[in-house]
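Observations on the model geometry
The lines below spell out each chain.
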Amino acid sequence: MFRISYLLWVLLLFSQLGCNPSSKSQRLTLAVSSNMQFSIEEIAARFTATTGIECDLVVASSGKLTAQIMEGAPFDVLLSADMKYPQMLFQNGMAPAAPKVYAYGQLVLYSPNANTDPKMEMLLKDSIVHIALANPKTAPYGSAAMEVLEHHAMLDSVRHKLVYGENVSQTNQFMVTGAAQIGFTAKSTVFTPSMANQGNWLALDSNSYTPIAQGIVMVGTKTKEHQKAEAFYNFIFSDESQKILKKYGYSVNE
Amino acid sequence: MSWEPLILTFKLALVTTLILLVLSIPLSYWLAYSKARAKPIIQTLVSMPLVLPPTVLGFYFLIAFSPNNALGGWLSETLGIQLVFSFPGLVLASMLYSLPFMVHPILSGFTGIHTSLREAAVLMGKSKFEILLHVLLPNIKPALLTGTVLSFAHTVGEFGVVLMIGGNIPGKTKVASIAIYDEVEALNYGAANFYSLVLFAITFCILLTVYLINGGYLKKFWK
């Protein structure tokens, strides 16, 4: 008898835990691609100040976030580094509305050495042993970097030097630690103190790669959650957000 | 989808295990029989990879191996060795990562041998090396097998360290666990499934063989 009542208590406890939404109701979970890591903090802070809705940030590569969303991750909005993944979510019926471009990302060549100004020709030098870029298979900034190398007809001569970060953040980590002497990364990340103080960057000609159109999409199918998500969705297109994005090196529609 | 990451994984595991086996026998011998004061410290250090997250090892390796730092700079300038983003670097990192899995079984093998066996050999005038080779090692065969297989399997299952210092280079540092992670992220579940199934099947067979041998189930086939 004791055992059954004990079991009932445990069940009751868990059911209580399960349906206690009040603490979560004013929160929004944003899945954010890693190139947005720094700008999104400022945007989310402004959003919270304006609407009172707190944001939880989950930063990872767009591909991983999309895979997680497809397996039911409890995210409300995806800010991807490209349009491919948001489009895929929409086509699979996991998003209530078609994705929209909120900013265009820019690619830079970054050297972690404060005394060198990075140039494309430097990649061919023997002193450059490793060139870091994000995984072109999953990270849009990685495939843009491959296009730049192809554009300069350098891909075959430097292929053996390439090392692939899981995403833009890991690519930066390879460079900041000095493990790679140079690399391609998102312009939006080179303004951070750890990267700006240590090295130099060169903006790459935007004609040498396909524009990195970054898409935002609401995810999930519960209408109640959508109002909060929609508030954020609208906020990212506001002048205030677009100004912040521009400050972090994105180009926006004006 | 290719066999390359799988072959690389088993190559890494094989090289790591062989070097570890050679190094761990003297180390475990020392840990088992030495009365040095530093022994508890060394013992603790050997066990550290068991409890530390692989990211800690990966992080310190990334910094230590970087050509900007003392160790990495010295290696690349004087010996021309690049440890970060390279196969030798992965071997070194895997050795540290799998060290306790080799040392612990061998150590408990050594301590499990009754002292009378060693004492008898000493009385017969055998040298320490002869005793190790002809008395101790033959008596701890199951421990050696367990250590070898556990280190091998543990290296096959390595992920965090390789993710942090490997750089995902096909044929050099892109091992199966990384390839799986990559394919899942690229939403190629078919390829991820292929690598995962092969890994599952092979490691299952390896572990099963150990349990069969150590459990004495295979005695009737060979003695």
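The rules behind the values
Residues numbered from 1 in each chain as written. Chains lettered and ligands numbered in written order. Predicted model: local features only at pLDDT ≥ 70, side-chain atom pairs only at ≥ 80, totals over all residues. Heavy atoms only, no water. Domains from an automatic or database assignment. Buried area = accessible area lost by both parts, 1.4 Å probe. Salt bridge = Lys/Arg side-chain N within 4 Å of Asp/Glu carboxyl O. Helix = DSSP H or I, 4+ residues; strand = E, 2+ residues; numbered from the N terminus. Buried < 20%, exposed > 50% of the residue type's maximum accessible area, 1.4 Å probe, protein only. Contact = heavy atoms within 4.5 Å. Core = buried A, V, L, I, M, F, W, Y, C linked by side-chain atoms within 4.5 Å. Axes fitted to C-alpha atoms, helices over the stretch in contact; angles between N-to-C directions. Parallel < 35°, antiparallel > 145°, perpendicular 65-115°, else oblique. Left-handed = near helix turned anticlockwise from the far one by under 90°. Nonpolar A, V, L, I, M, F, W, Y, C, P; charged D, E, K, R; others polar.

What to know about the domain arrangement of chain A
All names here are of chain A. Structurally, chain A comprises domain 1 (27-104 + 212-247) and domain 2 (107-203). Computed from C-alpha coordinates alone, the two centres of domain 1 and domain 2 are separated by 26 Å. Summed over both sides, the interface of domain 1 with domain 2 buries roughly 1100 Å², with 58% coming from carbon and sulfur. When residues of domain 1 are sorted by the area they lose upon contact with domain 2, Asn35, Phe38 and Ile212 head the list and together hold 43% of the total. Linking domain 1 with domain 2 are 1 salt bridge.

Quick look at the environment of A:Met94
Residues and elements named next belong to chain A. You can see Met94 is positioned in the loop between α4 (84-91) and β4 (100-105). The exposure class of Met94 is partly exposed, given its relative accessible area of 24%. Met94 sits 134 residues away from Lys228 along the chain, and the two C-alpha atoms are 17 Å apart. With residues up to four places along the chain from it excluded, the contact list for Met94 reads Ile69, Met70, Leu89, Met218, Val219 and Gly220.

Things to note about the nonpolar core
Here is a general trend for soluble globular proteins: nonpolar side chains tend to be buried in one another's company. If you look at the biggest cluster of nonpolar residues, it comprises 56 residues, and the most contacted ones within it are B:Phe85, B:Phe110, B:Leu136, B:Ile140 and B:Ile165. Among the secondary structure elements, those contributing two or more residues to this core are β5 (107-111) and α7 (168-176) of chain A together with α1 (4-33), α3 (54-65), α5 (87-112), α7 (128-139), α8 (141-156) and α9 (160-165) of chain B. Per-element tally for this core: the top contributor is α5(B), with 12 residues. When neighbours within four sequence positions are excluded, B:Ile140 is seen to be in contact with B:Ile106, B:Gly109, B:Phe110 and B:Ile113. In this structure, A:Ala103, A:Val148, A:Tyr164 and A:Ile236 belong to the second largest nonpolar core, which totals 53 residues.

Thoughts on the packing of helix α2 (residues 39-51) of chain B against α5(B)
All names here are of chain B. Running from N to C, α2 and α5 cross one another at 120 degrees; their axes reach a closest spacing of 7 Å. What the angle tells us is that α2 and α5 run oblique. Seen along the crossing, α2 lies across α5 with a hand that is left-handed. Residues Gln43, Val46, Ser47, Pro49 and Leu50 of α2 pack against Leu96, Tyr97, Leu99, Pro100, Phe101, Val103, His104 and Leu107 of α5. Among the residues making up the contact of α2 with α5, the classes are represented as 10 nonpolar, 3 polar and no charged.

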